[in-house]
Amino acid sequence: MNHSISLTVNGARRDFVLDDPRVTLLDLLRERLHLTGTKKGCDRGQCGACTILVDGKRINSCLALAISHDGADILTIEGLARGDQLHPVQAAFIAHDGFQCGFCTPGQIMSAIGMIKEAQAGNDPERIRECMSGNLCRCGAYVGIVDAVLDAQGRMDETNQRRSA
Amino acid sequence: MPELNLTSAPAHLRHGSNIGQPLTRRDGILKVTGRATYAADNHPQGMLFAVMAVSTTARGRVVSLDVAAAKRHPGVVDVMTPDHKPQLAIDPEIKTNPFVFRMEVLQSDEVRYANQPIAVVIAETLEAATEGAALLAPRYETLPPLVGLDAGESFAPPVVGVGNPAESHHGDVEAGLAAADKQIDATYETPPQYHNAMEPHSIVAAWNGDNLQIDMPTQGLALSLARVAELFGIAHEKIHIRSPFLGGGFGSKGLMAGPQVLGVMAAKLVGKPVKLVLRREQMYGPVGHRAPTRQRLRIGADAEGRLTALDHHARTVSSTFDDFFEPAAGASHTLYAAPAIRTSHDAVRVNTGTPLFMRAPGEATGSIALESAIDEMAFACGMDPLAFRLKNYAEVEPMTGRPFSSKALRACYEQGAARFGWAKRPLQPRQMRDDAGLLVGWGMGTATFPALMFQAEARAAIRRDGSGVMEIGAHDMGQGAWTALAQIAADAVGLDIDRLDFKSGTSDLPDAGIAGGSAHTATAGAAIHSAGAAVIGKLADLATSDERSPLFGAGNAGVIARDGRLIRRDDESRSESYAEILARAGLAEIEARGTGAANPAAMEQYAMHAHGAVFAEVKVDPELGQVRLTRMVGAFAAGRIVNPRMVQSQLFGGMIWGLSFALHEEAVTDRRSGRIMNANLGEYHIPVNADVPPLDVITVEEHDPHVNALGIKGVGEIGITGSAGAVANAVWHATGVRVRRFPIRIEELLTQG
Amino acid sequence: MKQFDYVRPATITEAVAAAAQPGAVFLAAGTNLLDLMKGGVSRPDRLVDVTHLDGLDGIETLADGSLRIGALVSNADLAHDAEFARSYPAVAEALLSGASAQLRNAATVGGNLLQRTRCAYFYDTASRCNKRTPGSGCDAREGENRSHAVLGWSESCIATHPSDFCVPLVALDAIVEIEGRGGRREIALDELHRLPGDAPERDTVLEPGDLIVAVRLPPAARGFAAHARYLKVRERTSYAFAVVSAASALRIENGRIAEARLGLGGVAAKPWRARAAEDALKGVAPTADAFQEAARRALEGAKPSGDNAFKIELARRIVVRALTLAAAGTPARIPALPASPFASTSGAIHA
């Protein structure tokens, strides 16, 4: 049975006919929309490589059926930069060497952005470590990841303060 | 766009030029924007999805597969089985060279380990292929599997690791032990571990006639290409492998693995491009692992705390059908100045996928046992663990008596200990607590890893516009090769790095050897260095032999290359740009090749190793037994540091692997079925962010004139050695409980209230 | 994943009817269900998606002081609700100690209650498992079972319930509201999960079609806010299931325990309410001796089901610690590492 669904992906509305209800958001993005920045590390919600924002919240896209998210607003790693202008979290990951192989990186970055929006960790490195623990990094770039999040968060705060001033 | 296409966009920070500079990653922008193309991100026109079915029995034979049920599933195109598959040109059981391992590519119905591929379902969608594989419902004839370190009769393997002798000795160990004032006789166990790179092994294979295009993560382009060529009976030139990015390798992507060959076969069977990606649980079998070990260390020391003997025996396992023996005891060859050292190995065969090199093979397993035993001996002698290590500092390589090509370990000890505050450590365990009442312990370990070199070739060119090209089929698994090798290349051709076109990561480029053994930067770097020198030499010949050049008559050795110009060594006011030289010669480009390889004479003469000292602090809940690393300082001396930023990250990563070895990682095998019961990332624990405190790395200055022209020793693996033992020793120091089975589990620390 | 029909009912009544048929299951966030389906552990014919139903995602205080939590409220939204965290701090702490931030954002309250065991033999479809395939046997019993049950297990099943959330909930007398074919009913959470006995395939007392629509905390549950903790021993600092966990909540009046609540996680097929221990604490001073006695009583009747005798001692110790922490007072803010023994690490080290 075919199901029509529509999603907003990185700001653009996309309508699809889904021929198979088994398709996860992750596989929809990767194999059908060819947005391959989002990675599949475990396909079971145990590594975080597939983290995307759905309606502003970070989730594991491997455990989300696309059909159940009809109408959702989705943000992936491809939707962050504005032309050459990187998102502050992206830039900070480069500056602090918050990755090595880069495979977990899109998930780490989306998770960090989700975490900053959640506003639960503040500038406490311990809380950031806890709140980023859903994203495994086998290369062991955690030190750089935490530094990058702290740095980016600081820059985003400054920008927001300038805007509100 | 799978080719490596490095950008230099605004956020690509530079801090100066070339070797020694902490450049940010040149592939950084691609990686943070999701544009870095890993193998499974490719999707050629008409591509189908292949999913493996794997065995749930560890030993036996597949007696039936419900192929019809799989084919009935909508979207399933074909099912590849032992009875229905393309023929290979050679038997995959034939070992054509020492780097060829046996693999299961449906050559028979035999099952030799759990998770062995037994069929491949090819379908129009991933969902259909996945369910098709489930519908095969295999039936087996099952035999009781061989499981564990005591599975059967042990034997002494002919070699361990890659060609190392299984037994070595120097001096009289038994006499040394008999004469000792203090003796330690301790047995340590390490579990099977799986590489678990974040990127599952994957392949996209597309045949075009007898041309074969492969997208596949590999740490060994040339070896993989040769393996594909021989298996499919096609010429090397017909095969093109692209591996611009690897999502981690750690040894498991060094060689062509069976599942990747199955991807090529599947594409041939259906006549369309095919993508095959391993599911996470399928990575616990056909793509290698670190074998378990049981290691017995007997150590003697005299009344002053000087070692009298060191005997290190390691039991390990290999598969029932191939040989790889974790060379764990070799760790005792180099570090401590015992007058008598013996190392030996034995092994049993079990129903497992063949073990393979996994980050610091032998060194990691051996190091945690050796460093634990040294710690035990230091305490038995009533000595501080650092003082004990300094007392037994090896001025020459203990096993061979060869001098070290360089060894700044003493400086590592000093700088690491000072940074950590080691001097305040109480000798007795269970002496320190924090404000919350948690036990605090400090432990240390010595790190060591050999400075290896393989063989590589590179091609350098200078173009008419004055820019340069460096081509080498190298590999970046995350270590930063695209940045570090480009830095070496830029210096090699005397250009700013942004004027250099660095091409890498595909099989049509000169062979860079395997990215393993922490030798890639040294080996590929040496080839790049020599190719650069050769092309500059040719350019200098052009200029200095042309009377129209201001460099005329300076002689090849009379000029230096810098910033795109050749400059007269004795008169820097006389120079000429590369572009001018080529323009006058009417050449579009000038090129040369260079090679990198070990210098056998130097290797004969010197022992070549990187060293380090790692200091760790753990906290342990005194009643509940949960452990947390709270600080770790590592000081490492590894020759020339090409890019300090990337080196620091490599060392951090290694130290986290050490933490993981000591406290977390273990594949749990059901002893009856031979199946791994935690073949996933939820229960096979690798450290999460919250497990890792701020780490501190010191790179100790070390100049080594012997290892290679660039003085590079490599940093990919040394970080795990020393660190694992440091964490284990810190747990002992916190609790007074010496755990000799790794990873250290909560229940072992519940003995005291 | 087996092919399935996907239905999206418009009302709860439709949902119940759709899910009452054989082979049908409810889909909420799917964080556990999809995992099970991908592993072949669960192969439903029909998924009844309840995520679009109205009225199941609210948190409301009822006139009698109860708190009613809609079944579709996400774990994260509940834990981050400031009023909720103030009133039921141990529940919030338990929620935040479970899984990862991503999973907590997706996972729902109802789904958390119904998550299935992490027993490796349940997940490994080639193993015999009475829970997965009734009557097939239990390969965990003689297998790798250091993480298995020490309370309430039977020869047919030694699995544990993995939820953190349920442990303080059961201690606080939470009530589950269920919509079924016979209309709405409610049961105590303590009665929702079943011990295995000889029918381990039934995790709960729910009947086909039964939909959990809300979880309610009775008015008395607020009385423990000043002295409530959740503590969880894990094999890594975060993103790991409990080896053993405990929720403790005390009402202390005039230096004595007026009322105590104690739940244990990771020890049985259900979140384990330790009523004998609670009784022992009633009316006594919150002393180490009293907590030791409570721990002894809490684990009375515990026996190893395999290589897991350590869990009994560990459970006693975690009970003592959780009670000690609760007696010391709920922290003003949930610790950086929720429920962790390392929650309150400070820098200072001394000999």
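The model shown is predicted, which means the values in this text are computed figures rather than measured ones.

Novice: What's the story with the side chain of Glu177(C) in this structure? I'm lost.
Specialist: All names here are of chain C. With respect to the secondary-structure elements, Glu 177 resides in strand β6 (residues 175-180). Separated by 2.8 Å, the side chains of Glu 177 and Arg 68 make a polar contact. For Glu 177, the residues in contact, after removing those within four places along its chain, are Arg 68, Arg 184, Arg 185, Glu 186, Leu 211, Ile 212, Val 213, Ala 214 and Arg 216.

Novice: Would you mind going over the interface of chain A and chain C with me for this structure?
Specialist: Think of interface size as the accessible area that goes away when the parts come together; that is how it is often given. Taken together, the contacts link 35 residues of chain A with 39 residues of chain C. By the criterion of area lost to chain C, the three top residues of chain A are Arg22(A), Leu63(A) and Glu130(A), representing 23% of everything that side buries. Where chain A packs against chain C, one counts 4 salt bridges. At the boundary of chain A and chain C, one finds 18 residue pairs in polar contact (both at pLDDT 80 or more). Class assignment for the residues of the side of chain A that touches chain C results in 11 nonpolar, 13 polar and 11 charged.

Novice: What is the right way to read the interface of chain B and chain A from this model?
Specialist: Facing 68 residues of chain B, the contacting portion of chain A comprises 48 residues. When chain B packs against chain A, the two sides together hide about 4,500 Å² of surface, and 57% of this comes from carbon and sulfur. Counting the surface chain B buries against chain A, the share from its top three residues, Val32(B), Met198(B) and Asn689(B), is 18%. Where chain B touches chain A, the interface holds 8 salt bridges. Our count for the chain B to chain A interface comes out at 28 residue pairs in polar contact (both at pLDDT 80 or more). For the side of chain B that touches chain A, the secondary-structure elements that each account for two or more residues are α1 (28-33), α3 (126-135) and α14 (644-663) of chain B. Residue composition of the side of chain B that touches chain A, grouped by class: 34 nonpolar, 19 polar and 15 charged.

Novice: Would you take a moment to explain empty space enclosed by the protein for this structure?
Specialist: Remark: the empty space left among the atoms is shown by a probe the size of a water molecule rolled over them. Residue and element names in this part refer to chain C. According to the stated counting rule, one finds 9 cavities of 30 Å³ or more in the structure shown. Empty space within the largest cavity amounts to approximately 500 Å³. Taken together, 16 residues make up the lining of the second largest cavity; nearest its centre are Cys 119, Cys 129, Cys 138, Ala 140 and Cys 157. Partitioned by chemical class, the residues of the lining of the second largest cavity number 9 nonpolar, 4 polar and 3 charged.

Novice: Looking at this structure, I do not really get the domain arrangement of chain C. What am I missing?
Specialist: All names here are of chain C. Splitting chain C by domain gives domain 1 (5-52) and domain 2 (54-337). Taking only C-alpha atoms into account, the centre of domain 1 sits 24 Å from that of domain 2. Taken together, the contact between domain 1 and domain 2 spans 17 residues of the former and 24 residues of the latter. Both sides of the domain 1 and domain 2 interface together cover about 1,600 Å² of buried area, and 71% of this is carbon and sulfur. Summed over the three residues of domain 1 that lose the most area to domain 2, namely Ile 12, Val 16 and Val 41, the buried surface amounts to 32% of that side. At the junction of domain 1 and domain 2, the tally comes to 1 salt bridge. In this structure, Asp 35 and Arg 118 form a salt bridge, with 3.3 Å as the shortest nitrogen-oxygen distance. For the side of domain 1 that touches domain 2, the secondary-structure elements that each account for two or more residues are α1 (12-19) and α2 (33-38). Split by residue class, the side of domain 1 that touches domain 2 holds 10 nonpolar, 6 polar and 1 charged.

Novice: Teacher, can you tell me more about the domain arrangement of chain A here?
Specialist: Residue and element names in this part refer to chain A. Domain annotation of chain A identifies domain 1 (3-79) and domain 2 (88-164). Distance between the C-alpha centres of domain 1 and domain 2: 22 Å. Contacts between domain 1 and domain 2 engage 16 residues on the former and 17 residues on the latter. Interface area for domain 1 against domain 2, summed over the two sides, is near 1,300 Å², with a carbon-plus-sulfur share of 60%. Where domain 1 packs against domain 2, one counts 1 salt bridge. Applying the counting rule to domain 1 against domain 2 returns 6 residue pairs in polar contact (both at pLDDT 80 or more). Per-element accounting of the side of domain 1 that touches domain 2 gives the leading share, 3 residues, to strand β3 (residues 51-54).

Novice: Just to check I follow, could you spell out the pattern of salt bridges for this structure?
Specialist: Pairs can form between side chains of opposite charge once their charged atoms are near each other. Following the criterion strictly, the structure yields 111 salt bridges over all chains and no others. Between Glu665(B) and Arg138(A) there is a salt bridge; the shortest N-O distance is 2.7 Å. A residue pair is termed interchain when its members come from two chains, as with Glu665(B) in the loop between α14 and β29 (695-699) and Arg138(A) in the loop between α4 (125-131) and α5 (142-164). A salt bridge links Glu177(C) to Arg216(C), with the nearest nitrogen and oxygen atoms 2.9 Å apart.

What counts as what
Residues numbered from 1 in each chain as written. Chains lettered and ligands numbered in written order. Predicted model: local features only at pLDDT ≥ 70, side-chain atom pairs only at ≥ 80, totals over all residues. Heavy atoms only, no water. Helix = DSSP H or I, 4+ residues; strand = E, 2+ residues; numbered from the N terminus. Polar contact = N/O pair within 3.5 Å; in protein donor to acceptor, adjacent residues only side chain to side chain. Contact = heavy atoms within 4.5 Å. Buried area = accessible area lost by both parts, 1.4 Å probe. Salt bridge = Lys/Arg side-chain N within 4 Å of Asp/Glu carboxyl O. Nonpolar A, V, L, I, M, F, W, Y, C, P; charged D, E, K, R; others polar. 1 Å grid on protein atoms, 1.4 Å probe; cavity = no way out; pocket = protein on both sides within 12 Å on 5 of 7 lines; lining within 4 Å. Points joined across faces, edges and corners; volume = space filled by probe spheres on them. Domains from an automatic or database assignment.

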